[in-house]
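Now for the letters of each chain:
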Amino acid sequence: MLKLMDIEAFGLSYKKYDLITSRFKYWIYIYPFCELLIGLCFLISAPPSSIILIALILGIFGMASVFKAVYLDKLKLNCACVGGYTKIPLGIISFIENLLMAIMSALILIK
């Protein structure tokens, strides 16, 4: 929800490190709604497998984006995870958040 409060502020921060946004600039407007849809669907007992697949893909791309920005490119960026106004450094917490989303989705798809 914090990303949706000011999508422009989120986008300014997010596009500095996201791999999808570097190829598709409108992704910053779509991504927060994808996360909202995923979150709402995970509240039901059996989320659709298409939503789980989207969560897996977003988790993998999120991990790759954070890893590239922080560990390969050595960028000192703030995380866009809470809307773009915070001074939370992009790093291991962001990576783990995406890792857990990918693991959770993969486990659900396997079952």
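Use the structure listed above.
Residues numbered from 1 in each chain as written. Predicted model: local features only at pLDDT ≥ 70, side-chain atom pairs only at ≥ 80, totals over all residues. Heavy atoms only, no water.

Novice: Could you give an account of the nonpolar core, naming the residues involved and the relevant values?
Specialist: Within soluble globular proteins, side chains that are nonpolar generally end up buried alongside one another. The biggest cluster of nonpolar side chains holds 23 residues, and the ones touching the most others in it are Tyr14, Tyr17, Trp27, Tyr31, Leu58, Val66 and Leu90. Contributing elements (two or more residues each) for this core: α2 (7-14), α3 (27-43), α4 (49-72) and α5 (92-110). Among the elements that take part in this core, α4 stands out by supplying seven residues, more than any other. In contact with Tyr31, not counting residues within four places along its chain, are Lys3, Phe10, Tyr14, Leu58 and Asn98. (Core = buried A, V, L, I, M, F, W, Y, C linked by side-chain atoms within 4.5 Å. Buried < 20%, exposed > 50% of the residue type's maximum accessible area, 1.4 Å probe, protein only. Helix = DSSP H or I, 4+ residues; strand = E, 2+ residues; numbered from the N terminus. Contact = heavy atoms within 4.5 Å.)

Novice: Kindly report on the packing of aromatic side chains, identifying the contributing residues and their values.
Specialist: The full count for this structure, using the stated rule, is eight aromatic pairs. Seen from their ring centres, Phe10 and Tyr31 are 6.2 Å apart, and the 10° between their planes marks the pair as stacked. Taken together, the residues span a long stretch of sequence, with Phe10 in helix α2 and Tyr31 in helix α3 at a distance of 21 residues. With respect to class, Phe10 is no different from Tyr31; both count as buried. An aromatic cluster is present here, built from Phe10, Tyr14, Tyr17, Trp27 and Tyr31 joined pairwise through their rings. (Phe/Tyr/Trp six-rings, centres within 6.5 Å; stacked < 30°, edge-to-face > 60°.)

Novice: Help me get a handle on α4, residues and values and all.
Specialist: Between its first and last C-alpha atoms α4 spans 33 Å; for 24 residues at 1.5 Å apiece the expected length is 34 Å, and the two agree. Buried-residue contacts for α4 involve α3 and α5. With its phi angle positive at about 55°, Lys74 sits one or two positions after the end of α4. (Expected span 1.5 Å × (residues − 1).)

Novice: Which residues make up a nonpolar patch on the surface, and what values do they have?
Specialist: A cluster of nonpolar side chains, contributed by Phe67, Tyr71, Leu72, Ile92, Ile93, Ile96, Leu100, Ile103, Leu107 and Ile110, occupies part of the molecular surface with about 1000 Å² of accessible area. Where the nonpolar patch is concerned, the elements lending two or more residues are α4 and α5. Among the elements that take part in the nonpolar patch, α5 stands out by supplying seven residues, more than any other. Overall, the relative accessible area of 52% leaves Leu100 in the exposed class. (Patch = residues over 30% accessible without salt bridge, like charges linked within 9 Å, V, L, I, M, F, W, Y side chains within 5 Å. Areas by Shrake-Rupley, 256 points an atom, 1.4 Å probe, with all protein chains shown as cover. Salt bridge = Lys/Arg side-chain N within 4 Å of Asp/Glu carboxyl O.)

Novice: Tell me about unusual backbone geometry, residues and numbers included.
Specialist: Its identity is not glycine, yet Lys74 carries a phi of approximately 55°, on the positive side. Residue position: Lys74 is located in the loop between α4 and α5. Taking the relative accessible area as the measure of exposure, Lys74 reaches 59% and is therefore exposed.

Novice: Describe the environment of Leu19, with residues and values.
Specialist: Of note, Leu19 is situated in the loop between α2 and α3. Judged by its relative accessible area of 27%, Leu19 falls in the partly exposed class. Taking the C-alpha atoms as reference, Leu19 lies 21 Å from Lys87; in sequence the two are 68 residues apart.

Novice: Just give me the short version of the side chain of Ser65, but keep the residues and values in it.
Specialist: Structurally, Ser65 is set in helix α4. Polar contacts involving the side chain of Ser65 include one to the main-chain carbonyl oxygen of Phe61, which spans 2.8 Å. Those residues in contact with Ser65, other than ones at most four positions away along the chain, are Tyr17, Asp18 and Leu19. (Polar contact = N/O pair within 3.5 Å; in protein donor to acceptor, adjacent residues only side chain to side chain.)

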